[in-house]
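So you can see what is in the structure, the chains are spelled out below.
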Amino acid sequence: ENMLQQMGPFLAALWSCSACVSPSLATVLGSVAIFARFWYPIFWSFGPGGEWNICVEVSTQPYNFCVFGMLGSVGLWAVSGTSLGEMSSGLVVLSVVGLYLLYVFMAL
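Here goes a summary of the coordinates provided. (Residues numbered from 1 in each chain as written. Predicted model: local features only at pLDDT ≥ 70, side-chain atom pairs only at ≥ 80, totals over all residues. Heavy atoms only, no water.)

## Remarks on helix H2 (residues 23-38)
Residues three or four positions apart in an α-helix share a direction because the helix packs 3.6 residues into each turn.
Now for step 1: Taking 1.5 Å per residue as the helical rise, H2 with its 16 residues ought to reach 22 Å, and the 22 Å between its terminal C-alpha atoms agrees with that figure.
Now for step 2: Among all positions in H2, only Leu-25, Ala-26, Leu-29, Gly-30, Ala-33, Ala-36 and Arg-37 are buried. All buried residues of H2 fall inside an arc of 125 degrees around its axis, so they share one side. Of the exposed residues in H2, the ones pointing more than 90 degrees away from its buried face are Ser-24, Val-28, Ile-34, Phe-35 and Phe-38.
Now for step 3: At its buried positions, H2 is contacted by helix H1 (2-20), helix H3 (40-44), helix H4 (56-80) and helix H5 (89-107).
Now for step 4: The opening residue of H2, the one whose side-chain oxygen lies 3.3 Å from the backbone nitrogen of Ser-24, is Ser-22. (Helix = DSSP H or I, 4+ residues; strand = E, 2+ residues; numbered from the N terminus. Expected span 1.5 Å × (residues − 1). Buried < 20%, exposed > 50% of the residue type's maximum accessible area, 1.4 Å probe, protein only. Arc of directions from axis to C-beta. Contact = heavy atoms within 4.5 Å. Polar contact = N/O pair within 3.5 Å; in protein donor to acceptor, adjacent residues only side chain to side chain.)

## What about the packing of aromatic side chains?
Now for step 1: Per the stated rule, a full pass over the model turns up nine aromatic pairs.
Now for step 2: Plain terms: the ring middles of Phe-38 and Trp-39 are 5.3 Å apart, the flat faces sit at 85 degrees to each other, and that makes the pair edge-to-face.
Now for step 3: Residue classification places Trp-39 among the partly exposed positions, given a relative accessible area of 31%.
Now for step 4: A centroid spacing of 5.8 Å and a plane angle of 45 degrees characterise the contact between Tyr-100 and Tyr-103, whose relative ring orientation is tilted. A residue pair is termed a helical-turn pair when its members lie 3 or 4 positions apart in one helix, as Tyr-100 and Tyr-103 do in helix H5 at three residues.
Now for step 5: You can call Tyr-103 partly exposed: its relative accessible area is 27%.
Now for step 6: Site record: aromatic cluster; members linked through ring pairs are Phe-35, Phe-38, Trp-39, Phe-43 and Phe-46.
Now for step 7: In this structure, Arg-37 packs its charged tip against the face of Tyr-63, placed 4.8 Å from the ring centre. (Phe/Tyr/Trp six-rings, centres within 6.5 Å; stacked < 30°, edge-to-face > 60°. Lys NZ or Arg CZ within 6 Å of the ring centre and 35° of its normal.)

And the structure:
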């Protein structure tokens, strides 16, 4: 059920990032997100009685990082015309981390 809830934002982020910013950036972040999501049910099963536990965050936070990195890069492109796909790798990493931290700050 949780994966179905997360599929919409993931696909929207992946497709919009690929179409508007960079297919390479979407491929890397999408692959990492899928890898992190693969571990979600495994980490969930570690909890007492198969319930939530802190291990789930090891899967959830990298997934959110990738999804919001893709959405943030599309937002940055839409507002400023700056494409993260045209920047050096170091700047891309810093930008995606910054966009994720913005998401975390705004969620508080």
